[in-house]
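Chain and residue survey
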Amino acid sequence: MRSNDELCYREEAIMGAAYSVDLRRKVVQACERGTASQAQVARFFGVSQAFVEKLLRLYRRTGALEPDRKRAGRPGLLDAAACEQVQRWLAEQNDLTLAELAERLQTQCGLTVSISCVHRLLQRLHMRRKKKPFMPANGTHRLYYWHASNTARNLPPARADT
């Protein structure tokens, strides 16, 4: 059987969603009243003292209580214009390889990206790779082409269980 202290510690150690704006407002109001210390306010609301300090700093600096919605990680290299350009290239010539797309992005857009980056872009655009049913007469070894058809349309119809 676990003690209450151990259970409380385990709950605090779990990373969860951002605190609600309502809770944030109550914490700020309690601190602004000045009847309790930041540590007491933190214990009362079940949050860390560091959270209270950061929240008050944010509130005094910006007046905002909303949690910061920053996206983790490095920002993407391909902007909306580059995505549209890739879609135009594939509409004109649907058998471009990933390497060819990366090369075009470098020569025409000035963006140096990896083949993996181009592949992730095509996945985000819901474009999938499909094998050609035949080899071209000129012997070019392009075995795949890209298209943006919806895969749901190609699925067999659902059977009605009766």
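In this report, we go over the structure that sits alongside the text. These numbers were taken from a predicted model, which means no experiment stands behind them.

**Some remarks on the nonpolar core**
If you look at the biggest cluster of nonpolar residues, it comprises 17 residues, and the most contacted ones within it are V86, L101, L105, V118 and L122. At the level of elements, α5 (80–92), α6 (98–109) and α7 (115–124) are the ones that each hand at least two residues to this core. Core analysis: the second largest hydrophobic core is formed by 13 residues, A30, A42, V47 and L65 among them.

**A short note on the environment of A17**
Inspection of the secondary structure puts A17 in the loop between α1 (4–13) and α2 (21–33). Separated by 50 residues in the primary sequence, A17 and P67 have C-alpha atoms spaced 9.9 Å apart.

**Section: the state of the cysteines**
Applying the stated criterion across every chain yields a total of zero disulfides. Here C83 is not cross-linked by a disulfide; its sulfur's nearest cysteine counterpart is in C117, at 9.1 Å.

**Details of the packing of aromatic side chains**
Scanning all chains against the criterion turns up two aromatic pairs. Between F44 and F45 the ring centres are 5.0 Å apart and the planes differ by 90°, which places this aromatic pair in the edge-to-face class. Judged by relative accessible area, which is 68%, F44 ranks as exposed. By relative accessible area, F45 is classed as partly exposed at 23%.

The rules behind these values
- Per chain, residue numbering runs from 1 following the sequence as it is written.
- Two thresholds apply to this predicted model, a pLDDT of at least 70 for residue-level local features and 80 or more for giving and counting side-chain atom pairs, whereas whole-chain, interface and lining totals are computed over all residues.
- Where side-chain values are given, they derive from all heavy atoms of the structure, hydrogens and water being excluded.
- Within this scheme, the nonpolar core is defined by two criteria: the residues are buried Ala, Val, Leu, Ile, Met, Phe, Trp, Tyr or Cys, and they are joined through side-chain atoms within 4.5 Å.
- The classification of residues rests on relative accessible area computed with a 1.4 Å probe and restricted to protein chains. Under 20% of the type maximum is buried, over 50% is exposed, and intermediate values are partly exposed.
- The way it works is that DSSP assigns letters per residue, a run of H or I at least four long becomes a helix, a run of E at least two long becomes a strand, and they are numbered from the N terminus.
- The definition used for a disulfide is geometric: two cysteine sulfur atoms within 2.5 Å.
- Each pair of aromatic rings taken from Phe, Tyr and Trp, with Trp reduced to its six-membered ring, is defined by centres within 6.5 Å and is described as stacked if the planes are under 30 degrees apart, edge-to-face if over 60, and tilted in the remaining cases.

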